[in-house]
Amino acid sequence: MDVEFRNLTFKVDRGIVPFFGNRDGGRKILKSVSGRFKAGELSAILGPSGAGKSSLLNAISGLRSKGVTGELLVNGLPKEESKFRKMSCYITQEDLLQPMLTLNELMMFAADLKLSSSTRKEKKLVVGDIQATLGLSECKYVRTENLSGGQKKRLCIALELINNPSILFLDEPTSGLDNVTTSHTLRLLRTLAHQGRTIVCTIHQPSASLFQLFDHVYVLAAGLCVYQGPTRELVPFLSAAGLRCPTYYNPADFIIEMTDGEEEDNIIKLSQATDNGKSTSYLDNQDNSDNPHNRLRGRPSETDENKRHLAAVLLNHYNDQRDAEDSVCAQTWCCWVQFCTLFRRKLLQIRRNTLGLKIQLFHHMICSLLVGIIFFDRANDGEMFFDHMKFCMGIILFHAYTHVMVPVLTFPYEVKLLAKEHFNQWYGLKPYYMALTLSRVPSLVIFSLLFLVIVYTMSGLPRDLDRFIVFCAVGIITSLIAEGMGLAIGSVFNVTNGCAVGPMTLAPFLGFAIYGFDFARSIPFWLWPMLKASFMRSGVIAMIIAVFGMNRPKLECHNEIMYCHFNNPQVVLHYLNLDKTSPWIEILTMIVILLVFRSLCYLGLRWRVST
């Protein structure tokens, strides 16, 4: 599958102009460049820093579409994004791999997602063949976090080869690798390309020996094409343009030095020689012309006609396949398979994260024992009205801050993995989100129950089943809401910004949670909507009712106290203006807020994968 682009332009906004508030025309990263990457060749996009290498790769792969204009063709036919995505994959510069899984487990999960219609035996054969081809068989039982840099890079390639894509895009595949590993990776890519795939990668500044491994090179400088063609033709092309590369010099280093930011004349001269990518510097074997600059838009050869016919056949196949997949039953079954696979993968990762589970276990146990010691057997003391209020607020505060910060710190990395896997058509967003949500519930409920049972028992609350159910339900729902808030923040912000946004977002809810209990009957009416929007206030109210309400008898008072005003729970509820409030109404309010935060998380993920 040949990938061709014509007059491709990529423009970004400079931002808001100071003192005026409006935006200027923007800055062009790519300036009407053209070119073609052919099937069966390992192609490199080369150029100085800031030349537009990654921008070109992102534009032709479809990773970035905003600000991109021009024609994108596949074997001479206009590119259809949805079908092109099924035939291609994008491998990022950063080795993003699912943690807590062995290499073989990760590849089998990928096979379950990509080859859902195949049998288990067929999937194992495919995975085994790819591991043998890429030299990963000896480390198949090693966890991904323990792999070397070269093994991680090969694993990233192996995961995308499972469904045998026709086109591979790689952003800096040699970044961070030593010379030996870099050479091995490029030779592997060259072998894969010569099997008929179109492989395009960006590379910063390869050595002379590594440069010769590429079949085709596309050189950018200042957003313009200064060369495209076979690697061996680069030096003759430069000589024809009056730039003689010394025999002892690396051609890749030479053309970069000749086209850096200070050599504008060379950039213009070379760009004109290639007609900004519309001309190639190599001779077409099927063309007897002596002109070394053959037009990409010239008369198509017989090979090009064959490729266009093949492209039409493949696109028809994808159309038929998509029509079959568009049926309601097929979509439902596909989503169900993806959900089950992702749910199993998430549960296995959670179970393997023993350190994280131990930290949560000790955190909940130690905090519950501390709270239990502070409020030990005080639940029946009628003198301790303010201690009871602190008790209810403390439980809500613990669940809120504990469960909001964990996803803020851990979820941004998972969002990067989601963006990569979703872009490469591993699965849809809905099954992923359902698997994410449901897989986190068991551990959250277990740890919250552990905390609540210890605190309930040590505080001396009545052994009442209904009261205990309300007490635990409020704590668990508070945890679910806080986790939903943390996931929503982590889906949009990185770890650094999320650590500031998380507590800052939670602070208003805390302020509304403790506001106005000493003058509950005098709160202005216009404040009630804001108070109702605080899930922490609803949790505190429901917890107070669980402690004082539900027909609880009078509390105990010491004999030396002549008058104990708050020993009657009904007096407490009347003083707090909660005598006509049901805990289930507050729980229902919390459930509505829970759905709002979970919806915000989904919208945040949808925004991230779309951008």
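The preceding data block contains the structure.
1. Description of the sheet that holds strand β9 (residues 216-221)
Line of reasoning, step 1. Spatially, the 6 strands line up as an open sheet ordered β6-β7-β8-β3-β9-β10, and their pairing is mixed. The sheet is open, and its two edges are formed by β6 (88-91) and β10 (224-230), each paired on a single side. Here the average twist between neighbouring strands, direction ignored, is 15°.
Line of reasoning, step 2. Bridge count for strand β7 (residues 167-171) against strand β8 (residues 198-202) is 5 bridges, and the pairing is parallel. Bridge assignment links L170 to a residue of β8, and that residue is C201.
Line of reasoning, step 3. Packing against the sheet, helix α1 (residues 53-61) makes contact with β3 (42-46), β6, β7, β8 and β9, and its axis sits at approximately 150° to β7.

2. A few points about the packing of aromatic side chains
Line of reasoning, step 1. The tally for this structure, following the rule as stated, stands at 22 aromatic pairs.
Line of reasoning, step 2. Between F385 and F386 the ring centres are 5.2 Å apart and the planes differ by 70°, which places this aromatic pair in the edge-to-face class.
Line of reasoning, step 3. Aromatic pair Y433 and Y602: ring centres 5.5 Å apart, planes at 70°, arrangement edge-to-face. In this pair, Y433 is assigned in helix α15 (residues 429-439) and Y602 in helix α22 (residues 583-610), connecting sequence segments 169 residues apart.
Line of reasoning, step 4. For Y433, a relative accessible area of 9% gives the class buried.
Line of reasoning, step 5. Y602 sits in the buried class, given a relative accessible area of 18%.
Line of reasoning, step 6. The rings of F375, F391, Y456, F468 and F471 are connected pair by pair, giving a single aromatic cluster.
Line of reasoning, step 7. Directly above the aromatic system of F84 lies the positively charged group of K79, at a separation of 4.5 Å from the ring centroid.

3. Quick word on the pairing of strand β1 (residues 3-12)
Line of reasoning, step 1. Within β1, 7 of the 10 residues are buried, leaving the element largely enclosed by the surrounding structure.
Line of reasoning, step 2. Here 7 bridges tie β1 to strand β2 (residues 27-37), and the two strands are oriented antiparallel to one another. Opposite F10, over in β2, you have L30 as the bridge partner.

4. Overview of a nonpolar patch on the surface
Line of reasoning, step 1. Together, L588, I591, V592, L595, V596, L600 and L603 make up a nonpolar patch on the protein surface, roughly 630 Å² of accessible area in all.
Line of reasoning, step 2. Tracing the backbone shows I591 in helix α22.

5. Things to note about the side chain of T198
Line of reasoning, step 1. Structurally, T198 can be placed in strand β8.
Line of reasoning, step 2. Ignoring sequence-local partners within four residues, the contact set of T198 consists of M1, D2, V3, F37, K38, A39, G40, E41, S166, I167 and L168.

6. Quick notes on the sheet that holds strand β4 (residues 68-74)
Line of reasoning, step 1. Spatially, 4 strands are ordered β2-β1-β4-β5 in an open sheet, and the strand pairing comes out antiparallel. One side of each edge strand has no neighbouring strand; the edge strands of this open sheet are β2 and β5 (77-78).
Line of reasoning, step 2. Alignment of β4 against β5, held across 2 bridges, turns out to be antiparallel. In the strand pairing of β5, L73 is matched with P78.

7. Describing helix α17 (residues 465-492)
Line of reasoning, step 1. Its 28 residues place the ends of α17 41 Å apart at the C-alpha level, agreeing with the 40 Å of an ideal helix rising 1.5 Å per residue.
Line of reasoning, step 2. Counting buried positions over the 28 residues of α17 gives 22, a clear majority of the element.

What counts, and where the lines are drawn
Residues numbered from 1 in each chain as written. Predicted model: local features only at pLDDT ≥ 70, side-chain atom pairs only at ≥ 80, totals over all residues. Heavy atoms only, no water. Pairing = 2+ DSSP bridges. Helix = DSSP H or I, 4+ residues; strand = E, 2+ residues; numbered from the N terminus. Axes fitted to C-alpha atoms, helices over the stretch in contact; angles between N-to-C directions. Contact = heavy atoms within 4.5 Å. Phe/Tyr/Trp six-rings, centres within 6.5 Å; stacked < 30°, edge-to-face > 60°. Buried < 20%, exposed > 50% of the residue type's maximum accessible area, 1.4 Å probe, protein only. Lys NZ or Arg CZ within 6 Å of the ring centre and 35° of its normal. Patch = residues over 30% accessible without salt bridge, like charges linked within 9 Å, V, L, I, M, F, W, Y side chains within 5 Å. Areas by Shrake-Rupley, 256 points an atom, 1.4 Å probe, with all protein chains shown as cover. Salt bridge = Lys/Arg side-chain N within 4 Å of Asp/Glu carboxyl O. Expected span 1.5 Å × (residues − 1).

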